[in-house]
Structures are given as C-alpha cells and as structure tokens.
Amino acid sequence: MRGERYQNAIVLILIVLVFASVPLILNLAGVWFLWAPLLVAFAVLPSVFLREVDLAAGLHGPPQVRDALAADLRNAGVAVTPGADSVEARIDVLSAVSFRTRITDQGTVLSGRLRATPTGRILVVALMVSVVGSGPAALLSLVLFLRATRFARSHGPSAFRGAISAARTPSANEIHGMLIGGLSTALGMSRDAFNAQEKAYTDAKSYLMMTVFTVWLAVLVGLFVALNGFNLETGVWDLPIGGAMGAALVVGVGLFVLLRRRFVPRLARYRTWSARLSAAFEREMSPTDREPPATSTFELLAEASSQVPDWLDAQRLAGLSGDSGTSFIILFLSSACASLLLNGIIAGLRGAFVALATYVGTAAFLAAFAAWFYLRWKRREDARLEQWRSAWDAHEKNLRARMDRFLEEM
Amino acid sequence: MAGSPPLERPDLYVVARLLESLWRQDAPIMKTRLQVAANVNYDVFTRYLEWMVGRGLAALENSADGHERVALTQKGREAYRKLVQWIHEIVQGRSPGA
C-alpha cells in the first residue's frame with residue numbers, strides 16, 4: 001500500500017485503536033502493561049507490513065527492471081522468487097522483501113515491501129496470540145522493517161543500471177525519447193483525471209449519505225410537527241418514522257442512480273485511456289519488443305492529445321475534492337451548520353422558540369458564509385482552468401496547422 | 001504501382017503510421033507487412049507508398065528472394081522525427097505552466 005491509501009488506512013486503524021483504548025483506560029488502567037503492548041502491536045504491525053516504499057524510477061521496461069534486479073540479487077547470494085509483476089528476495093529465515101514494478105508517468109517505478117516468511121508469520125502470530133508477547137512482536141516487526149528497508153534501498157537502484165537500448169542510433173533514440181516523454185505525460189494526465197474523478201465520486205457518495213440523513217431528519221421532524229404539533233412527550237412517531245424512511249430511501253436510490261450515471265462512464269473512459277497508454281508505454285520501454293504495435297504510438301498520442309480538454313475538465317468537475325484545504329473549511333462550516341440546525345430543531349420541539357431562532361440564525365449565517373467561500377473558490381478555479389484550456393487550444397491549433405502545412409509542402 | 005490515381009491530400013495519420021512502421025524496423029521490410037502495419041487496403045497502400053517514394057521519404061529495394069522491400073530514407077526519418085516532435089509538443093504543452 002502506498003501514498004494516500006496507506007496513510008488513510010493507518011489513520012483509520014489509529015482512530016479505531018484510540019476509541020478502543022478509552023474504555024480500557026477507564027476500566028483497566030491498573031493493568032495497562034497487559035493491554036498497552038497489544039494496542040501498540042496492532043498499530044505497529046499494519047504500519048510496517050502494509051507500507052510499500054518507492055525505491056527508484058526510470059525509463060526501462062518492467063521485465064527488464066525485474067530481470068536486472070533478480071540478477072543483482074542472485075550475484076549477492078540472495079534467494080529470489082520471481083512473480084508476475086514482482087521479485088521476492090529472502091533476507092533471512094523470518095523476512096523477505098517483495099519488489100514490485102508498476103508503470104507511472106515517471107516510467108517504471110520499483111517499490112519494495114516487507115514480507116514475513118512462513119516461519120516469520122508463525123512467530124509473529126504466536127507472539128500476538130500469547131498477548132504477553134505482543135510487545136516483543138511489535139519490536140521484532142520494527143527491526144525486520146528497518147533491515148528490509150535498508151536491504152531494499154541498497155539493491156533497488158541496481159535494477160536501473162545499463163543502457164536502455166544501445167543498438168539505436170542517436171536520432172532513433174531522440175525519437176524514442178520523445179515518444180516515451182509524450183506517453184508519460186499523457187499517462188500522467190489521464191491518471192490525474194481518473195484520480196480526481198474517483199475522489200469526487202467517493203466524496204459525492206459521502207455527501208449522498210449526509211443528504212439522505214438530512215432528508216430523513218427533515219421529513220421525520222416535519223411530519224411529527226404537522227401531525228402532533230410541538231409535543232415531544234405524547235406525540236405519535238409511527239407515521240413520521242415510516243414516512244421519513246420512505247423519503248430517505250427514494251432520495252437515496254434516486255441520487256445514487258444519478259451519481260452512477262454521472263461518474264461511472266467517465267471513470268471507465270479514463271481507466272481505458274490509462275490502460276492503453278500504460279500498455280504503449282511498457283511496449284516502448286521494452287528493448288526486446290521490436291514488432292510494430294497494433295496502433296502506432298504517434299496515432300495514440302494524437303488521439304490522446306484530443307482527450308486533453310476532457311482530462312482538464314475532469315479536474316474542474318471534481319470541484320472541491322481536488323482541494324483538500326478548501327474542502328476541509330467547507331466541511332467544517334457545513335458540520336457546524338448541521339449541528340446548529342439539529343440543536344435548533346430539538347429546541348423548537350421543546351418549545352424554546354428564542355433558542356430556535358438563535359440556532360437557526362447562526363446556522364443561516366454560517367451557511368451563507370460557506371456558500372460565499374465556495375463560490376469565490378469556484379470562480380477562481382474556473383478562471384484558472386479556462387485560462388489553461390484556451391492556452392492549450394491555441395497551442396494545439398498552432399501545432400496541428402504546422403503539421404498540415406508540413407504535409408502540403410511535401 | 002501504376003494505374004492508381006495519385007494522392008491529392010494524404011492523411012497525416014496514415015503517413016505517420018507508415019513512417020513509424022518503417023522506423024521501427026532496422027532493415028527494409030516487405031510491402032505486404034508494411035500494408036498490414038498501415039491498416040489500409042492494398043489500393044490505398046500503393047497510392048501512399050507511391051506518394052512517399054515520390055517525395056523521397058521511402059525507397060523500394062529488390063531483395064535476393066525476389067520480393068520488393070521498403071526502406072526508410074534519411075528524409076523519411078527526419079519527417080517522422082518532426083511529426084513526433086510536434087505531437088510531443090502538443091501533449092507536453094497541456095497547460096501554460098507546463
């Protein structure tokens with residue numbers, strides 16, 4: 001696991017552990033030495049075994065990188081097990097490093113991750129199960145991780161040694177370099193577009209849940225007040241609960257269908273483009289693959305360049321999902337607003353109308369501020385992307401005209 | 001190659017496809033193989049080949065096995081380099097900051 005996904009997973013585990021530790025601190029503070037090492041081990045183990053570290057990157061084909069790495073490791077006397085897109089190197093009886101290659105816009109990236117051998121796995125599990133051994137298990141895992149990281153960093157760069165394709169002439173290398181550079185940029189853009197939309201889709205699903213909850217609450221309170229007045233003690237809840245559930249279901253399903261229709265085709269398009277460009281990139285970096293590709297790389301790049309406005313649009317349409325700072329402020333304001341409204345509703349149901357007005361008034365002010373903040377951000381972002389897009393359009397038009405003229409002049 | 005009407009305005013992509021196929025090979029290649037790589041029918045292919053040979057981008061060579069082969073000339077290589085450079089510039093110049 002790498003980057004943001006790894007950080008999110010670890011943060012999630014830590015949050016769960018913090019919540020789990022509260023009752024332990026309150027009830028079993030006296031025997032902390034029994035449960036504290038176990039909690040520490042539950043934090044340390046995933047942190048070291050899930051972490052995948054990028055070691056090196058370069059314009060070499062993934063099989064070439066894996067072969068060079070395996071040869072270097074074998075020369076150093078390390079036992080190597082090749083996999084589909086990885087090479088596993090055994091460090092000792094307890095641990096191994098799994099080296100993995102993947103294509104990115106920087107070329108082939110080699111990453112490494114600590115793996116426990118079967119013996120290592122049995123030992124760690126046995127220590128954890130014994131509870132008293134959880135502290136040593138955490139310590140052992142940390143030591144193995146540090147050793148594996150050192151090992152991976154010392155051997156990783158060896159995978160990128162040697163010329164890419166010595167047989168080519170300087171002119172061929174120049175053309176090849178430009179093809180790879182173009183593919184790399186296009187791949188980066190298509191992946192950025194995919195990531196932006198994927199994040200926006202995830203965020204939209206969270207907003208959907210919030211909307212469904214708000215609808216449920218509003219219908220529940222609205223129906224209750226309409227049927228019983230402001231009478232929290234003796235009012236009947238059956239119909240409001242049924243109505244609220246029905247409304248929430250209808251709104252939830254309807255919005256979910258709309259979201260799918262909006263995001264899924266886009267995501268599929270960006271995924272297909274990334275796969276096509278990634279395959280072409282891999283082929284270009286493989287010195288042994290001299291067969292002409294089914295689609296010419298030039299054509300693929302020309303086709304990809306016509307997708308650039310769409311890829312830029314993907315980032316614009318992703319909205320706040322692409323700007324974590326602004327989205328945090330908006331989320332904070334929205335949460336405060338929702339909390340105030342909820343308090344206002346409760347105050348209203350209890351007949352405290354002055355408190356209701358205060359809560360609703362403050363919530364309205366916060367909502368207006370959030371809306372102003374969002375609109376100002378959106379105007380600025382739209383202007384920036386529009387400027388990018390028009391500059392790109394002009395640039396593209398100019399170069400395409402030059403290409404057309406070139407053929408005519410021939 | 002006689003009999004086909006000459007090309008008035010060649011398609012850039014077909015020309016690039018032919019040049020790329022030739023550029024990828026270290027030696028002259030057979031016409032049928034080039035036609036398959038270009039993904040056009042034989043009539044269109046011969047017109048394009050004629051056009052390219054006429055402009056010095058490709059050359060025809062007779063090989064010992066009796067088959068006619070096509071080779072990329074220096075001018076053809078330079079033309080392909082220019083096309084790749086332009087498409088590279090289009091993709092790279094995606095934003096004012098790039």
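Model, not experiment: these values are computed from the prediction. (Residues numbered from 1 in each chain as written. Chains lettered and ligands numbered in written order. Predicted model: local features only at pLDDT ≥ 70, side-chain atom pairs only at ≥ 80, totals over all residues.)

J.: What's the story with the overall build of chain B in this structure? I'm lost.
T.: When you go through chain B residue by residue, the secondary structure sums to 4 helices and 3 strands. Along the chain direction, N to C, the helices and strands of chain B fall in the order α-β-α-α-β-β-α. Within chain B, buried positions represent 35% of all 98 residues. Within chain B, counting contacts between residues at least 6 apart in sequence, those at least 24 apart form 56% of the total. (Helix = DSSP H or I, 4+ residues; strand = E, 2+ residues; numbered from the N terminus. Buried ≥ 20, exposed ≤ 12 C-beta atoms within 10 Å, placed from the backbone. Contact = placed C-beta atoms within 7 Å.)

J.: Explain the overall build of chain A to me, please; I cannot follow it from the model alone.
T.: Along its length, chain A carries 11 helices and 5 strands. The proportion of buried residues among the 410 residues of chain A is 27%.

J.: Help me understand the sheet that holds strand β1 (residues 52-58) of chain A, please; the structure alone is not making it clear to me.
T.: Backbone hydrogen bonds are what pair the strands of a sheet, in a parallel or an antiparallel way. Residue and element names in this part refer to chain A. In spatial order, the strands read β1-β5-β4-β3-β2; together these 5 strands make up an open sheet with antiparallel pairing. The open sheet has two edge strands, β1 and β2 (79-82), and neither has a second partner. Taken pair by pair, the neighbouring strands of this sheet meet at an average axis angle of 25 degrees, ignoring direction. (Pairing = 2+ DSSP bridges. Axes fitted to C-alpha atoms, helices over the stretch in contact; angles between N-to-C directions.)

J.: Sorry, what's going on with the environment of Met245 of chain A here?
T.: Mapped onto the fold, Met245 of chain A is located in helix α7 (residues 238-285). Separated by 33 residues in the primary sequence, Met245 of chain A and Val212 of chain A have C-alpha atoms spaced 9.5 Å apart.

J.: When you look at the packing of helix α1 (residues 12-24) of chain B against helix α2 (residues 31-38) of chain B in this model, what are you seeing that I'm missing?
T.: Helix-helix packing: each pair is described by the crossing angle between the helix axes and the interaxial distance. All names here are of chain B. Packing of α1 against α2 leaves a shortest axis separation of 9 Å and a crossing angle of 130 degrees. In terms of orientation, α1 and α2 fall into the oblique class. As α1 runs across α2, the sense of the crossing is right-handed. For the pair α1 and α2, contact is made by Val14, Arg17, Leu18 and Ser21 and by Leu34, Ala37 and Ala38, respectively. Classifying every residue of the contact of α1 with α2 gives 5 nonpolar, 1 polar and 1 charged. (Parallel < 35°, antiparallel > 145°, perpendicular 65-115°, else oblique. Left-handed = near helix turned anticlockwise from the far one by under 90°. Nonpolar A, V, L, I, M, F, W, Y, C, P; charged D, E, K, R; others polar.)

J.: I tried to follow the interface of chain A and chain B on my own but got confused; where do I start?
T.: A common way to state how big an interface is: give the accessible area lost once the parts meet. In this assembly, 33 residues from chain A lie in contact with 30 residues from chain B. Broken down by secondary-structure element, the contributors of at least two residues to the side of chain A that touches chain B are α6 (170-228), α8 (297-305) and α11 (353-409) of chain A. With 11 residues, the single largest contributor to the side of chain A that touches chain B is α11 of chain A. A per-class count over the side of chain A that touches chain B returns 19 nonpolar, 9 polar and 5 charged.

J.: I would appreciate a short explanation of the sheet that holds strand β1 (residues 29-30) of chain B in the present structure.
T.: All names here are of chain B. On the basis of which strands lie adjacent, the open sheet formed by 3 strands has the order β1-β3-β2 and antiparallel pairing. Only two strands of the sheet have a single partner each, and these edge strands are β1 and β2 (58-62). Where β2 and strand β3 (residues 68-72) come together, 5 bridges link them in antiparallel fashion. Bridge pairing in β3 places Asn62 opposite Glu68. Packed on one face of the sheet, helix α3 (residues 42-54) meets β2 and β3 and runs near 105 degrees to β2.

J.: I tried to follow unusual backbone geometry on my own but got confused; where do I start?
T.: Among all residues save glycine, negative phi is the norm, and among peptide bonds the norm is trans. Phi at Val131 of chain A is positive, roughly 65 degrees, even though this residue is not glycine. As for its placement among the helices and strands, Val131 of chain A is situated in the loop between α4 (118-129) and α5 (134-155). Phi angles above zero are rare outside glycine, and Asn39 of chain B is one such case at about 60 degrees. Considering the arrangement of structural elements, one finds Asn39 of chain B in the loop between α2 and α3.

J.: When you look at the nonpolar core in this model, what are you seeing that I'm missing?
T.: Taken as a class, soluble globular proteins show a tendency for nonpolar side chains to be buried jointly. Leu301 of chain A together with Leu18 and Leu19 of chain B are the most contacted members of the largest nonpolar core, which has 57 residues in total. Once residues lying within four places of it in the same chain are set aside, the contact partners of Leu301 of chain A are Gly182, Leu183 and Ala186 of chain A together with Ile87 and Val91 of chain B. If you look at the next biggest cluster of nonpolar residues, it comprises 31 residues, including Leu55, Leu69, Ile91 and Phe145 of chain A. (Core = buried A, V, L, I, M, F, W, Y, C linked by C-beta atoms within 7 Å.)

J.: Where do I start with the environment of Leu333 of chain A in this structure?
T.: All names here are of chain A. Among the structural elements, Leu333 can be located in helix α10 (residues 324-349). Overall, Leu333 belongs to the partly exposed group, with 18 C-beta atoms counted inside 10 Å. Considered as a pair, Leu333 and Leu366 are 33 residues apart in the sequence and their alpha carbons are 6.3 Å apart. Setting aside residues up to four positions removed in sequence, Leu333 forms contacts with Leu366, Phe369 and Ala370.

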